[in-house]
Amino acid sequence: MDQTKIISRILYYICLILSVGYLMTALYATICLITGFGVTPYNQNKYLHINYPLTEKPFLNIDNNYPYIIFSFLLVLTGYGIFFWLSAKVFKVFFQPKLFTKENTVQLKRFYIYNIFFPLPMVIIASFFVEVESIIWGLVFIHFMLGIFCLFLANIFTQGLHLQNEQDLFI
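The structure displayed is predicted, hence computed values, not measured ones.

A.B. asks: How would you sum up the UniProt feature "transmembrane region" (unreviewed entry) in the protein? Please name residues and give values.
C.D. replies: Feature annotation in UniProt places "transmembrane region" (unreviewed entry) on residues 12–39, 68–91, 111–129 and 135–157, given in this structure's numbering. End-to-end, the C-alpha atoms of residues 111–129 are 27 Å apart, and along that stretch the chain is 84% helix and 0% strand. Taken end to end, residues 135–157 comprises 100% helix and 0% strand; its first and last C-alpha atoms sit 33 Å apart.

A.B. asks: Run through the side chain of S8, naming residues and quoting values.
C.D. replies: On the secondary structure map, S8 appears in helix 1 (residues 2–35). A polar contact of 3.1 Å, which involves the side chain of S8, links it to the backbone oxygen of K5. Apart from the residues lying within four places of it in its own chain, the contact partners of S8 are F91, F94 and F95.

A.B. asks: Please provide a residue-by-residue account of unusual backbone geometry, values included.
C.D. replies: A positive phi angle, close to 55°, is found at Q44, a residue other than glycine. Inspection of the secondary structure puts Q44 in the loop between strand 1 (39–42) and strand 2 (47–51). Here Q44 falls in the exposed class, since its relative accessible area comes to 72%. Residue N45 is not a glycine yet carries a positive backbone phi of 70°.

A.B. asks: Please provide a residue-by-residue account of a nonpolar patch on the surface, values included.
C.D. replies: Judged by side-chain polarity, I6, I7, I10, L11, I14 and L18 come together as a nonpolar surface patch covering roughly 490 Å² of accessible area. Here I7 lies in helix 1.

So, how was this worked out
Residues numbered from 1 in each chain as written. Predicted model: local features only at pLDDT ≥ 70, side-chain atom pairs only at ≥ 80, totals over all residues. Heavy atoms only, no water. UniProt positions renumbered as here; feature names shortened; annotations may be inferred. Helix = DSSP H or I, 4+ residues; strand = E, 2+ residues; numbered from the N terminus. Polar contact = N/O pair within 3.5 Å; in protein donor to acceptor, adjacent residues only side chain to side chain. Contact = heavy atoms within 4.5 Å. Buried < 20%, exposed > 50% of the residue type's maximum accessible area, 1.4 Å probe, protein only. Patch = residues over 30% accessible without salt bridge, like charges linked within 9 Å, V, L, I, M, F, W, Y side chains within 5 Å. Areas by Shrake-Rupley, 256 points an atom, 1.4 Å probe, with all protein chains shown as cover. Salt bridge = Lys/Arg side-chain N within 4 Å of Asp/Glu carboxyl O.

This is the structure in structure tokens:
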């Protein structure tokens, strides 16, 4: 079990860092796009550079059209920021002193609900506004399968919680 705790702690911190990175990038890009600060159009205004803070060096390159900015850029950055934040919470479950707790089952439930019910509707909505490449449908499927796997884990944890509580009553 020590190996599981070590690996889950490492993955917790990696996912937490990724989450903060994605969400901060989305926030920074949103502020830049709304205010125009740090944004440089190029190629006859077809594309935009979002520059590193307080510099003229390009940080992000995006198409200069609203459907792309919303559905292929900001939604993706924010969605994966949330995904990695929820992933970090799931990994945190596995290095807690007590595995079968109500809070741990809640974390697993949040993760599976997000993965099962968020990607498909968002990609379907986005497909009305931007071209969705075939690989994206593969990612939706992977998220769905990950959500189903976590659903199974959540059910195991719920059962473990009930058995643990019953045993506590008899001891």
